[in-house]
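# Structure at a glance
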Amino acid sequence: MQVYMDNNATTMVDPKVVEAMKPYFSELYGNPNSLHKFGTKTHPAISKAIDQTYKAINASDNDDIIFTSCATESNNWVLQSVWIDHIVNGDKNHIVVSEVEHPSILSTCKFLEDNGVKVTYLPVNEQGVVEAHTVRSFITDKTALVSIMWANNETGMIFPIKEIGEICKEKGVLFHTDGVQAVGKIPVDMQSVHVDFMSMSAHKFHGPKGIGALYIKDSQALSPLLHGGEHMGGRRSGTLNVPFIVGMGESLEIATTNIEEKMASIAAKRDKIEDALLAAIPETFTVGDRTNRTPNTILISIRGVEGEGMLWDLNNGQIGASTGSACASEDLEANTVMLAIGADNELAHTGIRLSLSRFTTDEEVDYVINHFEDAVKRLRAISSSFAKVQPTPGGEVQECELHHH
Ligand SMILES: *Cc1c(COP(=O)(O)O)cnc(C)c1O
């Protein structure tokens, strides 16, 4: 059996989505901007995908949704264009983000810092969440933008977007959210929150890789990142990727239809794994309350078991998991999100992320539980660090700041 437990990194394209995309490669291949029939024949498909996307996030007709090549582009677009519009060509000098944002936000912030922008990296609490009052206390009259993710990719923890949006509105500061881990996983209703910009990515909800979007409230101004022809009303140039746009619309409609049922079904499988591992393996911790987490994610820490060792053992057992950010998993660095929530350095090297999907089966769940428990026995037997934290007779187990279930 092969088990894919890394759905926060990317997902399988739903076969129904592949079917919907197929005609737009070699049959209906026209450029939608062309005036002849080859071009215009693609218009109904694009209109449908736009409608599906608006409906999925309950955007209003006044809002813009602009397709991009990925969420990395959407995130870069907002940060770099707010910089140009409000800092280079305005009187602001400051941006506020959280310290657990995706690298596409954090690296862009580093670039902006090199260009003289002040960036505040907000801390998270022991749940891994940025608290709304923290955001308020760091906004100044020089702040151009607050950018806080809706849900975290490593922990699945959901951030108080409604409260943060209200604070930004009250303070007159633009608010962007990286919605990649929220859209298609939990209900997202743009008319019930005050969000100026939101990034999305299709490959996180069973759509194709290489297509994303930026939601823009009230179609407000934001300089383009890509200049060129007048595609997407001049907001984002580049010939429209018709098959991928079709795939994004279709995958988003499927993901958000009966979303509560889908969430309950995935959460039941996630909880089964989490309960089983916490019960069977001593000195094991998971990050964050389940009630405030995306239904598919577990970040689990097993004292004495290096994350990379575990990943290797799981990989040998045909299980694909992650130690955290896919971009950072090549080196043996501590999990930065775990450090941010106050885990000690040793524990921060033990994080393993399991992320499920609606395609995860009960058989896969049982297989993962069994393999995981055996792997811990194998790895703890050869671990030197675990011996150090074993309680001595009458002694106390080392304190841990994470949630101990
Ligand atoms: C995957 C991910 C991204 C990047 O999305 P791409 O479309 O692959 O560029 C951005 N933010 C978060 C939170 C993610 O999980």
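Residues numbered from 1 in each chain as written. Predicted model: local features only at pLDDT ≥ 70, side-chain atom pairs only at ≥ 80, totals over all residues. Heavy atoms only, no water.

### Re the domain arrangement of the protein
According to the domain assignment, the protein consists of domain 1 (15–256) and domain 2 (259–404). Taken over C-alpha atoms, the centre of domain 1 sits 30 Å from the centre of domain 2. At the junction of the two partners, domain 1 supplies 26 residues and domain 2 supplies 26 residues. Put simply, domain 1 and domain 2 have 0 salt bridges between them. Joining domain 1 to domain 2, the criterion identifies 5 residue pairs in polar contact (both at pLDDT 80 or more). The leading source of residues in the side of domain 1 that touches domain 2 is helix H9 (residues 242–256), at 3 residues. (Domains from an automatic or database assignment. Contact = heavy atoms within 4.5 Å. Salt bridge = Lys/Arg side-chain N within 4 Å of Asp/Glu carboxyl O. Polar contact = N/O pair within 3.5 Å; in protein donor to acceptor, adjacent residues only side chain to side chain. Helix = DSSP H or I, 4+ residues; strand = E, 2+ residues; numbered from the N terminus.)

### Digging into the packing of helix H4 (residues 43–56) against H9
Each pair of packed helices can be described by the angle between their axes along with the distance between the axes. Packing of H4 against H9 leaves a shortest axis separation of 8 Å and a crossing angle of 35 degrees. Taken as a pair, H4 and H9 cross one another with a handedness that is left-handed. Across from Ala-45, Ile-46, Lys-48, Ala-49, Gln-52, Thr-53 and Ala-56 in H4, the residues of H9 making contact are Val-242, Ile-245, Val-246, Gly-249, Glu-250, Leu-252, Glu-253 and Thr-256. (Axes fitted to C-alpha atoms, helices over the stretch in contact; angles between N-to-C directions. Left-handed = near helix turned anticlockwise from the far one by under 90°.)

### Brief notes about the layout of surface pockets
Volume-wise, the second largest pocket comes out at about 190 Å³. Ala-71, Thr-72, His-102, Val-180 and Lys-204 are the residues nearest the centre of the second largest pocket, which is lined by 15 residues in total. Element by element, the count of residues in the lining of the second largest pocket is highest for helix H5 (residues 71–88), at 3 residues. Looking at the lining of the second largest pocket, its residues break down into 5 nonpolar, 8 polar and 2 charged. (1 Å grid on protein atoms, 1.4 Å probe; cavity = no way out; pocket = protein on both sides within 12 Å on 5 of 7 lines; lining within 4 Å. Points joined across faces, edges and corners; volume = space filled by probe spheres on them. Nonpolar A, V, L, I, M, F, W, Y, C, P; charged D, E, K, R; others polar.)

### Examining the nonpolar core
One finds Ile-57, Val-146, Trp-150 and Met-198 to be the most contacted residues of the largest nonpolar core, which totals 89 residues. Taken domain by domain, this core gets at least three of its residues from each of domain 1 (15–256) and domain 2 (259–404). Ignoring anything within four residues of it in the chain, the contact list for Ile-57 reads Ile-65, Val-183, Val-188, Asp-189, Met-190, Met-198, Met-200 and Tyr-215. (Core = buried A, V, L, I, M, F, W, Y, C linked by side-chain atoms within 4.5 Å. Buried < 20%, exposed > 50% of the residue type's maximum accessible area, 1.4 Å probe, protein only.)

### Description of the site of the ligand
As a matter of local geometry, the ligand sits amid 13 residues, with Thr-72, Asp-178, Gln-181, Ser-201 and Lys-204 nearest to it. Here Thr-72 contributes a side-chain N or O atom positioned 2.6 Å from an oxygen atom of the ligand. A distance of 2.6 Å separates an oxygen atom of the ligand from a polar atom in the side chain of Ser-201. Out of a free accessible area of 380 Å², the ligand has 90% covered by protein chains. Here the ligand is seated within the second largest pocket. Tallied by class, the residues present in the shell around the ligand amount to 4 nonpolar, 7 polar and 2 charged. (Near = heavy atom within 4 Å. Areas by Shrake-Rupley, 256 points an atom, 1.4 Å probe, with all protein chains shown as cover. Sits in = over half its atoms within 2 Å of the grid points.)

### Observations concerning the sheet that holds strand S10 (residues 297–302)
The strand order across the open sheet formed by 3 strands is S9-S10-S12, and the pairing between neighbours is antiparallel. Of all strands in the sheet, those with a lone pairing partner are strand S9 (284–286) and strand S12 (351–355), marking the two edges. Here the average twist between neighbouring strands, direction ignored, is 25 degrees. Most of the contacts of helix H11 (residues 307–316) go to S12, to which it runs at about 40 degrees, and overall it touches S10 and S12. The sheet contacts of helix H14 (residues 362–381) involve S9, S10 and S12, and relative to S10 the element is tilted by about 25 degrees. (Pairing = 2+ DSSP bridges.)

### Thoughts on H11
Of the residues making up H11, those classed as buried are Gly-307, Met-310, Leu-311, Asp-313 and Leu-314. For H11, the buried positions fall inside an angular range of 165 degrees around the axis, keeping them on one side. Exposed and facing more than 90 degrees away from the buried side of H11 are Trp-312 and Asn-315. Looking at the buried positions of H11, the neighbouring elements they touch are S10, strand S11 (319–320), S12 and H14. A positive phi of about 70 degrees marks Gln-318, the residue just after H11. (Arc of directions from axis to C-beta.)

### Comments concerning the packing of aromatic side chains
Here the distance between the centres and the angle between the planes together describe a pair of aromatic rings. Considering all chains together, one arrives at 2 aromatic pairs under this definition. Centroid distance Trp-83 to Phe-111: 5.7 Å. Interplanar angle 80 degrees. Geometry classified as edge-to-face. Here Phe-111 lies in helix H6 (residues 103–114) and Trp-83 lies in helix H5, a separation of 28 residues in the sequence. (Phe/Tyr/Trp six-rings, centres within 6.5 Å; stacked < 30°, edge-to-face > 60°.)

### A look at empty space enclosed by the protein
Enumeration over the complete set of coordinates arrives at 1 cavity of 30 Å³ or more. Its boundaries defined by the atoms lining it, the largest cavity holds a volume of some 190 Å³. Around the largest cavity, the lining is made up of 17 residues, and of these Gly-184, Lys-185, His-206, Ile-266 and Arg-358 lie nearest the centre. A total of 4 residues in the lining of the largest cavity trace back to one element, the largest contributor, which is helix H10 (residues 259–280).

### Focus on the side chain of Thr-134
Tracing the backbone through its elements, the reader meets Thr-134 in helix H7 (residues 132–138). Excluding anything up to four places from it in sequence, Thr-134 contacts Leu-122 and Pro-123.

### Comments concerning the side chain of His-194
Within the secondary structure, His-194 is located in the loop between strand S6 (174–178) and strand S7 (197–201). In this structure His-194 touches Gly-165, Glu-166, Lys-169, Phe-175 and Lys-217, once residues within four positions along its chain are discounted.

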